[in-house]
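Structural overview for review
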Amino acid sequence: MISTKGRYALRVMLDLAQQDTDSFIPLEEIAERQGISKKYLEIILKTLVSEKLLQGLRGKGGGYRLTRRPDEYTVGEILTLAEGSLATVACLQAGAEPCVRRDTCLTLPMWQQFDRLVHDFFFHITLSDLLRQ
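Rules and cut-offs
Residues numbered from 1 in each chain as written. Predicted model: local features only at pLDDT ≥ 70, side-chain atom pairs only at ≥ 80, totals over all residues. Heavy atoms only, no water. Helix = DSSP H or I, 4+ residues; strand = E, 2+ residues; numbered from the N terminus. Contact = heavy atoms within 4.5 Å. Buried < 20%, exposed > 50% of the residue type's maximum accessible area, 1.4 Å probe, protein only. Arc of directions from axis to C-beta.

Focus: the overall build of the protein
Within the protein one finds six helices and two strands. Reading the protein from its N end, one meets helices and strands in the order α-α-α-β-β-α-α-α. For the protein, the spread of C-alpha atoms along the principal axes amounts to about 60 × 30 × 25 Å. Counted over contacts in the protein with a minimum sequence separation of 6, partners at least 24 positions apart contribute 64%.

Encoded structure:
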């Protein structure tokens, strides 16, 4: 399940993609348009800035802007950053302890295939694709 943090991160990125991508957009404007509290939005923006998806500028004329063109961001990249993992089951998460039943698990191939479908689905949709809908 995609959490509120993941959904909000995607909304923020889309919001910024709809603005003049050369200008810094104030946090207050984003929060108001998206109906997200400024405090929660700050947490999301901090993550996006630290991972270089956004550039932040403090002070007068400050705010946030994309670091790349909207067609260079995938939904998968944004959701993975916000969520930490898009793995559908715990045993497929990066760094997970190997399951003791791995060699005999009859459902593992199904989960692996489903995981690939989820990954391929989200990593083939860009912000530009969503904006065109």
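Section: helix H4 (residues 75–83)
Listing the buried residues of H4 in full gives Val 75, Gly 76, Ile 78, Leu 79 and Ala 82. Down the axis of H4, the sector holding all buried residues measures 165°, keeping them to one side. A positive phi of about 95° marks Gly 84, the residue just after H4.

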